[in-house]
Amino acid sequence: MSISRITPPIIVLHLLLLLSLPLTTPIVSINIIADLSAYPDLSAFTALVSGTTIPSDLSFRTSLTVLAVPNLYLSSSTDLIRHLSPTSLADLLRYHVILEYISPSDLLRIPPWGSLHTTLFQTTGRATSNFGSVNITRDPSTHLINIHSPVPFFPSNATVIFPVKTVPCNLSIISVNSLLVPYDSDLTASETRPTLGLNITKALLDGHDFNVAASMLTASGVEEEFEADEGGAGITLFIPIDSAFAELPSSYSIQSLPAEKKSVVLKYHVLHSYYPLGSLESVVNPLQPTLATEVMGAGTFTLNISRVNGSLAIGTGIVLAFVTQTVFDENPVAIFGISKVLLPREFFGSSGRLKPGGAVINSARSPDAAPSPDDSAGYSGPASRLTSPPDSSIEGAANDNIVQKMIWCFWCTLLYILV
């Protein structure tokens, strides 16, 4: 078709179609188990990861590098794995997840003296100093890329074998020839530690402002489950003060929930690890799975932990509660008083109104609702260090997209003038 036969209306239509294209590059969500399962040689490593809360820890992240150990090399660590507690094993595996995208070409640009990279283990609060990071170095003579602890001469290290999978700006899976052990971590501890024997209800009643929560824990039967979790990694409880229940609007009816859902709401107030206040304030990944996450599935019933106006805040997407006091803190149990009842969006939508039987009615967000993880800019406080910076490579792709559209618009306009 010659230029003279192209009619102006067709050119205008093409121009409108180009302008209607999205201006941003979509961010791909990560399903780490699905990505790893595509490779049979990583089946043992995948099985270990799937038995932890790591998939839910990563469900909201969009930029990761996973250091995966193939079956052949993992078999040499069987004795180490067998003697680890579930929590210690999970921490060991978290040390193999770098919280940024590192492409194969990025590895080739690593300086010989190395570069430091934060892992998921650092976000747990159980890593001393920066020992939850890995140092990646490159030998310019052999071109071997090694990964090891930032502590000089610490023996645990691994060598990169080859890149397994890359999703640009999003996910990189790299095979390594050994499990990495973080420095100064008790990964050889026995599977369980003696329980503290704390009576949680008594501790709450001694706090003098938690009578409603104490009675709900006793009536639901979850108190015994919480106390059983005092061993191992321990637990952290966020307990609403009595006035928090009194201030709930009638539409936020917890009592109308079926017993099993009421139990889930109570578990939504508990993290399955011991976090003293200082560790909570330094958590890097704000989205934390709860005991309810373990019941209802990865990626659900998470809490957004952040700093708002200098105070520690717990967000659900409906309400934003603040830590008001420390009720009890002795390893492995921490209990904190909070200003509001934590209402999960999975049961209460954005309005807190429930259909008969506990189904959700979605409506506009309540005025005091905490922003969801997707619109965290709605928080009134300044951006905290818990929020990951935007991926510059994604922004660059979006800018390239805009430039291409401008070029197309120029040519379309020129054709229109010529005809």
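- With an unreviewed UniProt entry as reference, the protein chain is termed FAS1 domain-containing protein, source organism Trapa natans.
- In UniProt, the protein chain has this text filed under Subcellular location (unreviewed entry): "Cell membrane".

## Quick look at the overall build of the protein chain
Okay, so step 1: Counting its regular elements, the protein chain contains 17 helices and 14 strands.
Okay, so step 2: In the protein chain, which comprises 419 residues, the proportion classed as buried is 46%.
Okay, so step 3: Sequence-distant contacts, at least 24 apart, represent 68% of the contacts inside the protein chain between residues at least 6 apart.
Okay, so step 4: Only carbon and sulfur atoms are counted for the fraction: they give 59% of the accessible area of the protein chain, which is about 19,900 Å².

## Observations regarding the environment of Leu198
Okay, so step 1: In this structure, Leu198 sits in the loop between β7 (171-176) and α9 (200-206).
Okay, so step 2: Exposure remark for Leu198: the relative accessible area of 14% places this residue in the buried category.
Okay, so step 3: Residues Leu198 and Glu227, spaced 29 residues apart in sequence, show a C-alpha to C-alpha distance of 7.0 Å.

## Things to note about the pairing of strand β4 (residues 133-138)
Residues in a regular strand project their side chains so that they alternate between the two faces of the sheet.
Okay, so step 1: Most of β4 sits out of view: 6 of its 6 residues are buried.
Okay, so step 2: Along β4, one buried face is formed by Ser133, Asn135 and Thr137 and the opposite face, lined by Val134, Ile136 and Arg138, is buried too.
Okay, so step 3: By the bridge criterion, 4 bridges tie strand β3 (residues 115-118) to β4 in an arrangement that is antiparallel. Bridging from a neighbouring strand, Ser115 pairs with Ile136 of β4.
Okay, so step 4: Where β4 and strand β5 (residues 145-148) come together, 4 bridges link them in antiparallel fashion. Residue Asn135 lies in a different strand from β5, and its bridge partner there is His148.
Okay, so step 5: Linking two consecutive strands that pair antiparallel, namely β4 and β5, is a turn of 6 residues; a positive phi of about 65° is found at His143 within it.

## Looking at helix α13 (residues 259-267)
Okay, so step 1: Buried within α13 are the following residues: Ser263, Val264, Val265, Leu266 and Lys267.
Okay, so step 2: Turning to α13, the residues buried within the fold contact α10 (211-220), α11 (222-228), β9 (270-271), α15 (291-296) and α16 (345-348).

## Section: α10
Okay, so step 1: For α10, the complete set of buried residues consists of Ala213, Ala214, Met216 and Leu217. Viewed end-on, α10 has its buried residues packed into an arc of 165°, placing them on one side of the element.
Okay, so step 2: If you follow the buried residues of α10, they end up packed against α9, α11, β8 (235-240), α12 (242-246) and α13.
Okay, so step 3: Just past α10, the residue Gly221 takes up positive phi, approximately 85°.

## Comments concerning the nonpolar core
Okay, so step 1: Of all hydrophobic cores here, the largest spans 51 residues; its most connected members are Ile200, Phe226, Leu237, Phe238 and Ile335.
Okay, so step 2: The biggest single contributor to this core is strand β14 (residues 333-338), with 5 residues.
Okay, so step 3: Apart from the residues within four sequence positions on either side, Leu237 is in contact with Ile200, Phe226, His269, Val270, Val333, Ala334, Ile335 and Phe336.
Okay, so step 4: By size, the runner-up hydrophobic cluster in this structure holds 43 residues, among which are Leu42, Ile54, Leu67 and Ile147.

## Re the packing of aromatic side chains
Okay, so step 1: This structure, assessed with the given rule, holds 5 aromatic pairs.
Okay, so step 2: On the basis of an interplanar angle of 90° and a centroid distance of 6.2 Å, the ring pair of Tyr95 and Phe121 is categorised as edge-to-face. Of this pair, Tyr95 sits in the loop between α7 (86-94) and β2 (97-98) while Phe121 sits in the loop between β3 and β4, and the two are 26 residues apart along the sequence.
Okay, so step 3: Assessed through its relative accessible area of 0%, Tyr95 is described here as buried.

## Overview of the environment of Asp91
Okay, so step 1: As for its placement among the helices and strands, Asp91 is situated in helix α7.
Okay, so step 2: Assessed through its relative accessible area of 5%, Asp91 is described here as buried.
Okay, so step 3: Sequence spacing of Asp91 and Thr124 is 33 residues, and the spatial spacing of their C-alpha atoms is 8.2 Å.

## Topic: the pattern of salt bridges
Okay, so step 1: Counted according to the given criterion, the structure contains 7 salt bridges.
Okay, so step 2: With its nearest N and O atoms 3.3 Å apart, the salt bridge here joins Asp57 to Arg94. Residue Asp57 is located in helix α4 (residues 54-58), and its partner Arg94 is located in helix α7; the two are separated by 37 residues in the primary sequence.
Okay, so step 3: Residue classification places Asp57 among the buried positions, given a relative accessible area of 9%.
Okay, so step 4: With a relative accessible area of 8%, Arg94 lands in the buried category.
Okay, so step 5: Linking Arg94 and Asp91 is a salt bridge whose minimum nitrogen-to-oxygen distance equals 2.8 Å. Pair noted here: Arg94 and Asp91 are both in helix α7, with a separation of 3 residues, about one helical turn.

## Concerning the sheet that holds β3
Okay, so step 1: A sheet is described by the order of its strands in space; here 7 strands give the open sequence β2-β1-β7-β6-β5-β4-β3, paired in mixed fashion. The two strands at the open ends of the sheet, each matched to only one other strand, are β2 and β3.
Okay, so step 2: Across 5 bridges, the pairing between strand β1 (residues 64-68) and β7 is parallel. Bridge assignment links Ala68 to a residue of β7, and that residue is Ser175.

## Quick word on a nonpolar patch on the surface
Okay, so step 1: Taken together, Leu72, Tyr73, Ile161 and Phe162 make up a surface patch of nonpolar side chains, about 400 Å² in accessible area.
Okay, so step 2: Sorting the residues of the nonpolar patch by element identifies α5 (71-74) and β6 (157-167) as the ones contributing at least two each.
Okay, so step 3: Among the structural elements, Leu72 can be located in helix α5.

## Considering the side chain of Ser172
Okay, so step 1: Within the secondary structure, Ser172 is located in strand β7.
Okay, so step 2: Judged by its relative accessible area of 0%, Ser172 is buried.
Okay, so step 3: At 2.8 Å, the side chain of Ser172 forms a polar contact with the backbone oxygen of Ile102.
Okay, so step 4: Leaving out residues up to four positions away in the same chain, Ser172 has contacts with Leu64, Thr65, Val66, Tyr101, Ile102, Lys165 and Thr166.

Quick notes on the rules
- For every chain, the first residue of the written sequence is number 1, and numbering continues from 1 onward in sequence order.
- Local features are withheld for residues below a pLDDT of 70 in this predicted model, meaning they are given only at 70 or higher, and side-chain atom pairs are given and counted only at 80 or more; totals for whole chains, interfaces and linings count all residues.
- As a convention, hydrogens and water are excluded, and side-chain values are obtained from all of the structure's heavy atoms.
- UniProt positions are given in the numbering used here, feature names are shortened, and annotations may be inferred rather than shown by experiment.
- The numbering of helices and of strands both runs from the N terminus, where a helix is a DSSP run of H or I of at least 4 residues and a strand a run of E of at least 2.
- Burial here depends on accessible area, computed with a 1.4 Å probe over protein chains only, as a share of the maximum for the residue type. Under 20% is buried, over 50% is exposed, and the range in between is partly exposed.
- Note on definitions: a residue-residue contact is assigned when non-hydrogen atoms from the two residues lie within 4.5 Å.
- For accessible areas, the Shrake-Rupley method is used with a probe of radius 1.4 Å. Any residue's cover is judged against the shown protein chains and nothing else.
- Paired strands, in this sense, are two strands between which DSSP finds at least two bridges.
- The arc in question is formed by the directions pointing from the helix axis toward the C-beta atoms.
- Throughout this description, the term nonpolar core refers to a set of buried Ala, Val, Leu, Ile, Met, Phe, Trp, Tyr and Cys residues connected via side-chain atoms within 4.5 Å.
- Centre distance within 6.5 Å is the pairing criterion for rings of Phe, Tyr and Trp, where only the six-membered ring of Trp is used; planes under 30 degrees apart are then read as stacked, over 60 as edge-to-face, and the remainder as tilted.
- Here, a salt bridge means any side-chain nitrogen of Lys or Arg that lies within 4 Å of a carboxyl oxygen of Asp or Glu.
- Residues form patches when they are more than 30% accessible in relative terms and have no salt bridge. Like charges link within 9 Å. Nonpolar side chains (Val, Leu, Ile, Met, Phe, Trp, Tyr) link within 5 Å.
- In protein, a polar contact means a hydrogen-donor-capable atom and an acceptor-capable atom, both N or O and within 3.5 Å, with residues adjacent in sequence counting only if both atoms are side-chain atoms; elsewhere, any N or O pair within 3.5 Å suffices.

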